[in-house]
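The primary structure of each chain is shown beneath.
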Amino acid sequence: MKRILYRLLFAAVMAACIPAVSSAAPGDGQAGSLDTLRREVKGIRKILAALPRLSGYGQVGYQYETNRGGVEGADASTFMVKRVRLIMTGDISKVFEYKMQLEGNSTSRGSDSKALISMQDWYFKAKICPALQIWAGQFPIPLTIENYDISPGTLETPDFSAAINKMVCRNAVSGILTYGRDIGLQATGGFLWREGYSILDYNLCVYNGAQMNSADDNQAKDIVARLTVRPMRDLRISGSVNWGEYPNAKYGKYIPMTRYAVGAWYDSDGVMVRGEYAHAGADTGFGEKGTARVDEHMYYVIAGYKIRGKYMPLLRYDVFDCKRNTCLGGAGKQQDFLVGFLWTPLTRLKVQADYTLSTYDANRNSAADFGTRSGSKLQLMVIGYF
């Protein structure tokens, strides 16, 4: 967008000024005209630098489901606008910049059935030095590789893994959906720089822990610490941990919960492999009657092979294993087997085709988050970028 505006304005300036320069007599007059032209072009560049940069993408397609959530007969067939995102970024100065990201989709509606637009990101960033940047506002929390380093626009499949949907985007004690984002402060940076990337990156984040676009509902704050090592450009290894306290109506008190994740991501011109393990746990007194206990495990492995930079067949194995959750009253295991294909015919266009077979086991406890029947999902999605 900035390049287009620059070219249009520059062409207009040149069209207006070049005739004057050409018709001027040689000598001081022509030199003065050139100086005027340079000053005007410099002024235009300053104006363009102050304007926000607009970008974004839209994801539309078709989805067919059978036995959704393991419940027999819970079938659906729908065309959908999975998401549309508008991204605005800009520089306030050489040190400070900002980002705003808005999203709308087919299921985002209010009580009056009118479409809603949600604020995904809004934060200021102070780029003090390569080893220290300060973020303030709402942004993705640095927990897991998929939640922080990957967006829906860069994800290989239409949906994130269970490590995101069940662990990062859902609080195992309060039950609220955070969508992987929250409001707070973050310090981040890199060390040992090598040809455009840093070997060691860190994140230290303090945030509400309540919900996206919401004020906090208790006095405690969440803390996330993360370290990422990149021994080579194509490989990153990451570990993160989250400490927090959350209210629960059943137990009537704040319950401490810890989440952690470890994973690795190798992404070269030919091969892409990523895997992560995550755990959420809470325990207010082991063995006591009425004790709040959470023991949830999530892991996935995804692999793909890039063919001529345009085609990539994909396989993913994804597991959410809730061994116990007295706070939300459920337990069970979900396994997803995904076969997919990613086609990039143009730089600004991607086509995703995925089939997922899901199996459910809700027999561990009488209460369960889902049913016991196998389900399936077929998705055909197109993403266009601007």
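Refer to the structure presented above.
Residues numbered from 1 in each chain as written. Predicted model: local features only at pLDDT ≥ 70, side-chain atom pairs only at ≥ 80, totals over all residues. Heavy atoms only, no water.

(A) The arrangement of the overall build of the chain in detail. From N to C terminus, the chain includes four helices and 16 strands. Per-residue burial over the chain gives 41% buried out of 386 residues. Across the chain, every contact between residues at least 6 apart in sequence was considered, and the portion connecting residues at least 24 apart equals 55%. Accessible surface, the chain: about 19,800 Å² in total, of which carbon and sulfur atoms supply 61%. (Helix = DSSP H or I, 4+ residues; strand = E, 2+ residues; numbered from the N terminus. Buried < 20%, exposed > 50% of the residue type's maximum accessible area, 1.4 Å probe, protein only. Contact = heavy atoms within 4.5 Å. Areas by Shrake-Rupley, 256 points an atom, 1.4 Å probe, with all protein chains shown as cover.)

(B) The arrangement of the pairing of strand β8 (residues 222–232) in detail. Relative to β8, strand β7 (residues 197–207) runs antiparallel, the two sharing eight bridges. Of the residues in β8, the one forming a bridge with Cys 205 is Val 224. Bridge analysis of β8 against strand β9 (residues 235–248) gives eight bridges, and the strand direction is antiparallel. Residue pairing for β9: Leu 227 is matched across the bridge by Gly 239. Hairpin connection from β8 to β9: two residues lie between these consecutive antiparallel strands. (Pairing = 2+ DSSP bridges.)

(C) Summary view of the nonpolar core. Core analysis: the biggest nonpolar cluster contains 43 residues, and Met 167, Val 173, Ile 255 and Cys 327 have the highest contact counts within it. Those elements that provide at least two residues to this core are β5 (132–140), α3 (145–149), α4 (162–168), β7, β10 (253–267), β11 (271–283), β12 (293–305) and β13 (311–325). The element best represented in this core is α4, accounting for five residues. If near-sequence neighbours (up to four positions away) are discounted, Ile 255 is found in contact with Val 173, Gly 244, Glu 245, Tyr 246, Asn 248, Ala 282, Thr 284, Ala 292 and Cys 327. (Core = buried A, V, L, I, M, F, W, Y, C linked by side-chain atoms within 4.5 Å.)

(D) Layout of the pattern of salt bridges. One pass over the structure, following the stated rule, counts 16 salt bridges. Between Lys 377 and Asp 159 there is a salt bridge whose closest N-O contact spans 3.0 Å. With a gap of 218 residues between them, Lys 377 in strand β16 (residues 375–385) and Asp 159 in the loop between α3 and α4 connect regions that are remote in the sequence. One salt-bridge network, in which partners are shared between bridges, spans Lys 82, Asp 159 and Lys 377. (Salt bridge = Lys/Arg side-chain N within 4 Å of Asp/Glu carboxyl O.)

(E) Representation of the environment of Glu 72. Residue placement: Glu 72 occurs in the loop between β1 (53–66) and β2 (76–91). Under the relative-accessibility criterion, Glu 72 is labelled exposed at 57%. In the structure, Glu 72 is positioned 300 residues away from Thr 372 in sequence and 8.4 Å away in space, judged by C-alpha atoms. Look past the residues within four positions of Glu 72 in its chain and what remains in contact with it is Asn 67 and Arg 373.

(F) Layout of a nonpolar patch on the surface. On the surface, Met 232, Tyr 266, Val 271, Val 273, Val 301, Tyr 305 and Ile 307 cluster together into a nonpolar patch covering about 570 Å² of accessible area. Elements with a contribution of two residues or more to the nonpolar patch: β11 and β12. With respect to the helices and strands, Met 232 occurs in strand β8. Note on Met 232: relative accessible area 41%, which makes it partly exposed. (Patch = residues over 30% accessible without salt bridge, like charges linked within 9 Å, V, L, I, M, F, W, Y side chains within 5 Å.)

(G) Layout of the environment of Leu 204. Mapped onto the elements, Leu 204 comes out in strand β7. Counting along the chain gives 16 residues from Leu 204 to Thr 188, while the straight-line C-alpha distance between them is 6.4 Å.

(H) Fine view of the side chain of Arg 83. With respect to the element layout, Arg 83 can be found in strand β2. Here the side chain of Arg 83 touches Gln 59 through a polar contact of 2.6 Å, side chain to side chain. When near neighbours in sequence (up to four residues on either side) are disregarded, Arg 83 contacts Tyr 57, Gly 58, Gln 59, Glu 103, Gly 104, Asn 105, Pro 152 and Pro 158. (Polar contact = N/O pair within 3.5 Å; in protein donor to acceptor, adjacent residues only side chain to side chain.)

(I) Region of the structure containing the pairing of β12. One ladder, built from 13 bridges, connects β11 with β12; its direction is antiparallel. Within β12, the position partnered with Glu 276 by the bridge is Tyr 300. The pairing of β12 with β13 spans 11 bridges and is antiparallel. When the bridges of β13 are listed, Asp 295 appears paired with Arg 324. A loop of five residues connects β12 with β13, the two strands running antiparallel in sequence, and Arg 308 in this loop sits at a positive phi of about 55°.

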